[in-house]
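# Fold and contact review
So the chains spell out like this:
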Amino acid sequence: MSSPVIFPFKSNIIIDRASSRHIYLQLCDQIIGFIKSGKLAPSTKLPGSRKLSEDLNIHRKTVVAAYDELMSQDWIQSIPAKGTFVNKNLPIINPKKITKSTNSLESKNSIGFRFKKRKHLIIKGLETIKATIKVDEGVPDHRLAPIEDIAKNYRNITNKKHHKELLTYGDTHGNIELRKVLVDYLNQSRGLKTSIENILITRGSQMGIYLASQLLLNDKKIVITGDTNYMTADNTFTEANGIIKRVSVDKQGINTKEIEEVCKKHTISAVYVTSHHHHPTTVTLSADRRMHLLDLAQRNNFAIIEDDYDYDFHYNNAPILPLASNDTHGNVIYIGGFTKIIAPALRIGYFVAPKEVVDEAARLRRILDRQGDTLLEQTLARMIINGDIQRHSNKVRKIYKERRDLFCGLLKEKLTDFFDFEIPKGGMAVWVQLKKPYNWDIVMTAALKRNIAFNPEWKRYDNNNSGHNGIRIGFAALNKKEIITVINVLESVMKSIQ
Ligand SMILES: Cc1ncc(COP(=O)(O)O)c(C=O)c1O
């Protein structure tokens, strides 16, 4: 062991008696810091416990406890009759000069390794924008979430002894009770003919889209989407190394004749559809196109990824049964969830497909998210059984219909000189096209000055640069007063830039 360096412990160690961290641990932290920064080199002799306790004005036992802790972590070692030393086997680190940047938060953000950055995934959302009202693309009003019912059911479950097993590792397919309940729920509400082995619980619909694309699209396989399409689905397909081919979307939904043409030239792995209310334009896929698409899938052996993200919100008539309800040949992967019925943060969804596909998706899911939130899933199962979910869904459907009618009524009354739109039959947003030559950037900047923020990424609705000038404006998360304010602001903005 080398001779001790004269390190000024007394002036370098600061004990904060007001801190909740124990004094002996504060001492450990600081000595470890000096070792890591190279200020205390391997083999440096440390002061005796009596000396250090006097220097720092702390109890000797505190220093002994700190040294014991440091020894148990192998930072220091004790050599009988010689003293206590920094572990000689630690690597030698050249002391760094303390500069402003090494000492500040900036140094926490410096990166000492390489990683892949995905430019296409950078999205500027509404979250960081400051505004009195934020107008989204069509999400539920989280203020209406049945949080008390959720808490009551959750508490009941956690209070029961036999439910303790829910706390351990479980089936990667998701909570068994919820899967059982979903069989009846989906078969009765959507005409599916599914059984428990066809259901995988996911973290929202997005995980379902991710799993489907990973199963179907590796190695530049082709997926057909609408032009326009839900941009996060596009990103997910790109991320899975798939090639996106686009076909047009009109008032009957995605154009299946064009899909047929693509199939003649290419081998297609999947077609992604938001058949109930196309995202973003909100149109419903017509009955003849539904039949055509299923027939094409069967003849060309491709999968239909049916993203039924907002099934429960259809206002003019009963919801249209999904393609999955007519899938006689196992072509449809049906994706949905409860994030839109309850609240986006309640991340429970489902992925319904033939058993082998579900099992493979469950294996894939296991390496991303071991099993989901078992307790919350059990809670949801209870809430479906006791009718809470259905009651809530009926309640918010009524509210959203009123909001849709108010929003569209005011749009029609005050803004038809500037916007084209159709009243959506369902969902939580209106597809609004700004008449030319107006520009959304100018409208949004002016609206923000009046404290109303719109989705700053509106250009992404036109991934294919077709120049449609449309954006989705969500009405469901705005109450009556907010809807009136938004329309008034839009009116004053449009008049000011006319
Ligand atoms: C078309 C579409 N699919 C999927 C999702 C994702 O839903 P979730 O929050 O359930 O993952 C959304 C969310 O807005 C959506 O609009």
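Rules used in this analysis
Residues numbered from 1 in each chain as written. Predicted model: local features only at pLDDT ≥ 70, side-chain atom pairs only at ≥ 80, totals over all residues. Heavy atoms only, no water. UniProt positions renumbered as here; feature names shortened; annotations may be inferred. Near = heavy atom within 4 Å. Polar contact = N/O pair within 3.5 Å; in protein donor to acceptor, adjacent residues only side chain to side chain. 1 Å grid on protein atoms, 1.4 Å probe; cavity = no way out; pocket = protein on both sides within 12 Å on 5 of 7 lines; lining within 4 Å. Sits in = over half its atoms within 2 Å of the grid points. Helix = DSSP H or I, 4+ residues; strand = E, 2+ residues; numbered from the N terminus. Nonpolar A, V, L, I, M, F, W, Y, C, P; charged D, E, K, R; others polar. Core = buried A, V, L, I, M, F, W, Y, C linked by side-chain atoms within 4.5 Å. Buried < 20%, exposed > 50% of the residue type's maximum accessible area, 1.4 Å probe, protein only. Contact = heavy atoms within 4.5 Å. Axes fitted to C-alpha atoms, helices over the stretch in contact; angles between N-to-C directions. Parallel < 35°, antiparallel > 145°, perpendicular 65-115°, else oblique. Left-handed = near helix turned anticlockwise from the far one by under 90°. Domains from an automatic or database assignment. Pairing = 2+ DSSP bridges. Phe/Tyr/Trp six-rings, centres within 6.5 Å; stacked < 30°, edge-to-face > 60°. Right-handed = clockwise from strand over helix to strand, strands pointing away.

Named according to an unreviewed UniProt entry, the protein is GntR family transcriptional regulator / MocR family aminotransferase originating from Aquimarina amphilecti. In the Sequence similarities (unreviewed entry) part of its UniProt record, the protein is described as follows: "In the C-terminal section; belongs to the class-I pyridoxal-phosphate-dependent aminotransferase family."

### Re the site of the ligand
Around the ligand, a shell composed of 13 residues is seen, among which Ser205, Gln206, Asp307, Thr339 and Arg347 lie nearest. A distance of 2.8 Å separates an oxygen atom of the ligand from a polar atom in the backbone of Ser205. A distance of 2.5 Å is found between a nitrogen atom of the ligand and a side-chain nitrogen or oxygen belonging to Asp307. Here the ligand is seated within the largest pocket. Here the shell around the ligand takes 4 residues from helix H9 (residues 204–216), the largest share from any one element. A class-by-class count of the residues in the shell around the ligand yields 4 nonpolar, 6 polar and 3 charged.

### A closer look at the nonpolar core
Core analysis: the largest hydrophobic core is formed by 45 residues, its most contacted members being Leu182, Ile259, Phe302 and Phe338. Ignoring sequence-local partners within four residues, the contact set of Leu182 consists of Asn187, Ile199, Ile201, Phe338, Tyr350 and Ile384. Membership of the second largest hydrophobic core comes to 42 residues, among which are Ile133, Met428, Val486 and Met494.

### Considering the packing of helix H16 (residues 440–449) against helix H17 (residues 480–497)
Think of two packed helices as two axes; the pair is described by the angle between the axes and how far apart they sit. Put simply, H16 and H17 touch, their axes get as near as 9 Å, and they point 120 degrees apart. Taken as axis vectors, H16 and H17 run oblique relative to one another. Classified by chirality, the crossing of H17 by H16 is right-handed. Across the interface between the two elements, Ile442, Val443, Ala446 and Ala447 of H16 pack against Val489, Leu490, Val493, Met494 and Ile497 of H17. By residue class, the composition of the contact of H16 with H17 is 9 nonpolar, no polar and no charged.

### So, the domain arrangement of the protein
Split into domains, the protein comes out as domain 1 (9–86), domain 2 (133–139 + 391–497) and domain 3 (146–386). For domain 1 and domain 3, the distance between their C-alpha centroids amounts to 57 Å.

### Structural notes on the pairing of strand S16 (residues 470–474)
Burial runs high along S16: 5 of the 5 residues are buried. Residues Gly470, Arg472 and Gly474 of S16 are buried on one face, and the alternating residues Ile471 and Ile473, pointing to the opposite face, are buried as well. As paired strands, strand S14 (residues 429–434) and S16 are joined by 5 bridges and run antiparallel to one another. Within S16, the residue paired with Val430 across the bridge is Ile473.

### A few points about the packing of aromatic side chains
The geometry of an aromatic ring pair is captured by two quantities: the separation of the ring centres and the angle between the planes. This model, assessed by the stated rule, comprises 11 aromatic pairs. Measuring from ring centre to ring centre gives 5.5 Å for Phe419 and Trp440, while their planes differ by 15 degrees; the resulting arrangement is stacked. Remark: Trp440 occurs in helix H16 and Phe419 occurs in strand S13 (residues 419–421); sequence separation between them is 21 residues. Trp440 matches Phe419 in its accessibility class, with the two residues each being buried. Taken together through their ring pairs, the aromatic side chains of Tyr185, Tyr334, Phe338 and Tyr350 make up a single cluster.

### Some thoughts on the sheet that holds S16
Strand order in this open sheet of 3 strands is S13-S14-S16, and the pairing throughout is antiparallel. At either margin of the open sheet sits one strand with a lone partner, and together these are S13 and S16. Averaged over all adjacent pairs, the angle separating strand axes in this sheet is 35 degrees, with direction ignored. In this structure, S13 lies alongside S14, joined through 3 bridges in antiparallel fashion. In the sheet register, Phe419 faces S14, and the bridge partner there is Leu434. The strands touched by H16 are S13, S14 and S16; relative to S16, the strand with the most contacts, the crossing angle is about 30 degrees.

### Section: the sheet that holds strand S3 (residues 83–86)
Strand pairing within a sheet occurs via backbone hydrogen bonds; the two strands may be parallel or antiparallel. Strand order across the open sheet formed by 3 strands is S1-S3-S2, with antiparallel pairing between neighbours. The open sheet has two edge strands, strand S1 (45–46) and strand S2 (76–79), and neither has a second partner. The pairing of S1 with S3 spans 2 bridges and is classified as antiparallel. Pairing of Leu46 across the sheet is with Thr84, part of S3. Packed on one face of the sheet, helix H4 (residues 60–72) meets S1, S2 and S3 and runs near 110 degrees to S2.

### Looking at the pairing of strand S10 (residues 303–307)
Buried residues dominate S10, accounting for 5 of its 5 residues. Every second residue of S10 is oriented toward a common face, with Ala303, Ile305 and Asp307 on one face and Ile304 and Glu306 on the other, all of them buried. Taking the sense of rotation as the criterion, the β-α-β connection linking strand S9 (residues 268–273), helix H12 (residues 287–300) and S10 turns out right-handed. As paired elements, S10 and strand S11 (residues 332–337) share 4 bridges and run parallel to each other. In the strand pairing of S11, Ile305 is matched with Ile333.

### Some remarks on unusual backbone geometry
Between Asp227 and the following residue, Thr228, the backbone shows a cis peptide bond with an omega angle of 15 degrees. Among the secondary structure elements, Thr228 is positioned in the loop between strand S6 (222–227) and helix H10 (231–239). Along the chain, Lys436 connects to Pro437 via a cis peptide bond; the corresponding omega equals 10 degrees. Among the secondary structure elements, Pro437 is positioned in the loop between S14 and H16. Look at Asn241: it is not a glycine, yet its phi comes out positive at around 75 degrees. Mapped onto the secondary structure, Asn241 falls in the loop between H10 and strand S7 (243–250). Take Asn241: its relative accessible area is 38%, and that puts it in the partly exposed class. Despite not being glycine, Thr282 has its phi angle at roughly 75 degrees, a positive value. With respect to the helices and strands, the residue Thr282 is situated in the loop between S9 and H12.

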